[in-house]
Amino acid sequence: MNKNFVEELTWRGMLHDAMPGTEEHLMEEMRAAYVGIDPTADSLHIGHLVGVMMLRHFQLCGHKPYALVGGATGMIGDPSGKSAERNLLDEETLRHNQEALKAQLSKFLEFKGDAENTAVLVNNYDWMKDFSFLAFIRDVGKHITVNYMMAKDSVKKRLSSDAAEGMSFTEFTYQMVQGYDFLHLFREHQCTLQMGGSDQWGNITTGTELIRRIGNGKGYALTCPLITKADGTKFGKTEGGNVWLDPQRTSPYKFYQYWLNTSDADAEKYIKIFTFLSKEEISDLVHKHIEAPHQRELQRVLAKEVTIMVHSEEDYDNAVKASEVLFGKSTAEDLKGLNEATFLDVFEGVPQAEIARTEIEAGLDMIAALAAKTDFLNSNGEARRALKENSVSVNKEKVKEDYVITTSDLLNNKYVILNKGKKNTYIIRVV
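Per chain, residues are indexed from 1 in the order of the written sequence. pLDDT decides what is reported in this predicted model: residues at 70 or higher carry local features, side-chain atom pairs at 80 or more are listed and counted, and totals for whole chains, interfaces and linings draw on all residues regardless. Water and hydrogen atoms play no part in the side-chain values, which are based on all heavy atoms of the structure.

- Looking at an unreviewed UniProt entry, the protein chain carries the name Tyrosine--tRNA ligase, with the source organism given as Autumnicola lenta.
- Per UniProt, the protein chain carries the Subunit (unreviewed entry) text "Homodimer." UniProt positions are given in the numbering used here, feature names are shortened, and annotations may be inferred rather than shown by experiment.

Below you can see the structure in the form of structure tokens.
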């Protein structure tokens, strides 16, 4: 017997709406469902993760997940929740993006193996590219009325009097194209359920309508809530933009920090959505957290689970080490273990001075390092006082006035970290 998928989503806070009969339909036998993913970039970001987690839970409950890369729909742009049209991509870019997304998805979904419910990746460009405009409006368009399409929220919002610009015909027909995907997957792969964010309800139900009218069958719709943050700011965004799954775009250290810095209210919600921990494990964690919120146990476990799931155990360990470099009691050894990219992430925004390599090779005395050559401290006198008070460290190790910085102090062969006390950090970069 399959595990109850709807029940699983419900306790995790991942169910927004489901068409009547969806739960019973899924309990009868193994079913196929899909989630559409927009291929406008060659990486997923954490905004995509909820849909991916839904597919993973679907597979864990014994069903067959389809990840649909919207090569065709990506060429049009979905009007839902958007106030302006999208840039359109060429086929080569879309294909490159599709391959990159599949590699990321395979960390979550089982694509290989003999099981009946292995995951499948499909691209709607493959069945839309040969469809002529005339054939589409004749075979699909005549089954849906304009009145039906106009009643959708995504359309209404864009056509309302306070919308800055109207909606192009291209975008207006988007729901038809997405609806046709559902019909195609229903016919070719016996796919009876489409899942997505709550803003997709209108597009998904257009698909169930096409299945009813053209396919003489029944399709189901299920949506998850759009993820929000308790403070009202946008989930998955930082000042630098999206939080990506690709380590080249968002380093594992920054990725880890994003989850670690979650508020208490959000952490309790996110740990159910973005991890596979059981109800009991989560309930224990929440209990511990209430007893000692300052230890941020929820955030720590959340950040650990998601970082390992998206990156690896090794990336997680490095991110923890890197976090301790800035905030904890780390040693020169720990600093030497950081690769340059992580080092730069950790010390982003820390003031720096450039010093010629020849000066380090000759040996740089502490007064020069602290004041004369760097302006880290205001004067030579202040540098002497700090050294006498034993409050100066080079690469996290305390030094006296007679210490000389040489090439053996260089981290990644070009950086030295100076600290005065715990709070003041400065970086010498060798050029």
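### What to know about the side chain of Thr118
(1) Moving on: The helix and strand labels rest on DSSP assignments: H or I over at least four residues marks a helix, E over at least two residues marks a strand, and numbering proceeds from the N terminus. Take Thr118: it is sitting in the loop between α4 (91-105) and β4 (120-123).
(2) Moving on: Residues count as neighbours in contact if any of their non-hydrogen atoms are within 4.5 Å of one another. Look past the residues within four positions of Thr118 in its chain and what remains in contact with it is Gln59, Lys64, Pro65, Glu110, Phe111, Lys112 and Gly113.

### Structural notes on the sheet that holds strand β6 (residues 220-224)
(1) Moving on: A pair of strands is treated as paired once DSSP finds two or more bridges between them. Spatially, β1-β6-β5-β2-β3-β4 is the arrangement adopted by the 6 strands of the open sheet, whose pairing is mixed. Among the strands making up the open sheet, the edge pair consists of β1 (17-18) and β4.
(2) Moving on: As paired elements, strand β5 (residues 191-197) and β6 share 5 bridges and run parallel to each other. From the neighbouring strand, Leu193 faces β6, where its bridge partner is Tyr220.
(3) Moving on: Note on geometry: axes are lines fitted to C-alpha atoms, helical ones only across the stretch in contact, with angles between N-to-C directions running from 0 to 180 degrees. The strands touched by α4 are β2 (32-37), β3 (64-69) and β4; relative to β4, the strand with the most contacts, the crossing angle is about 160 degrees.

### A word on the pattern of salt bridges
(1) Moving on: Throughout this description, the term salt bridge denotes a Lys or Arg side-chain nitrogen within 4 Å of a carboxyl oxygen of Asp or Glu. What the rule picks out here adds up to 16 salt bridges.
(2) Moving on: Between Arg31 and Glu29 there is a salt bridge, with its nearest N and O atoms 4.0 Å apart.
(3) Moving on: Relative accessible area serves as the criterion here: at 13%, Arg31 is assigned to the buried category.
(4) Moving on: Think of it in three bands: with a 1.4 Å probe and only protein chains considered, a residue is buried below 20% of the maximum accessible area for its type, exposed above 50%, and partly exposed in between. Among the residues examined, Glu29 registers a relative accessible area of 46% and is labelled partly exposed.
(5) Moving on: In this structure, Glu348 engages Lys254 in a salt bridge whose closest nitrogen and oxygen atoms are separated by 3.2 Å. Of this pair, Glu348 sits in the loop between α18 (340-346) and β9 (352-355) while Lys254 is found in helix α12 (residues 252-260), placing the two residues 94 residues apart along the sequence.
(6) Moving on: Residue classification places Lys254 among the partly exposed positions, given a relative accessible area of 33%.
(7) Moving on: Salt bridges linked by common partners bring Lys3, Glu8 and Arg12 together as one network.

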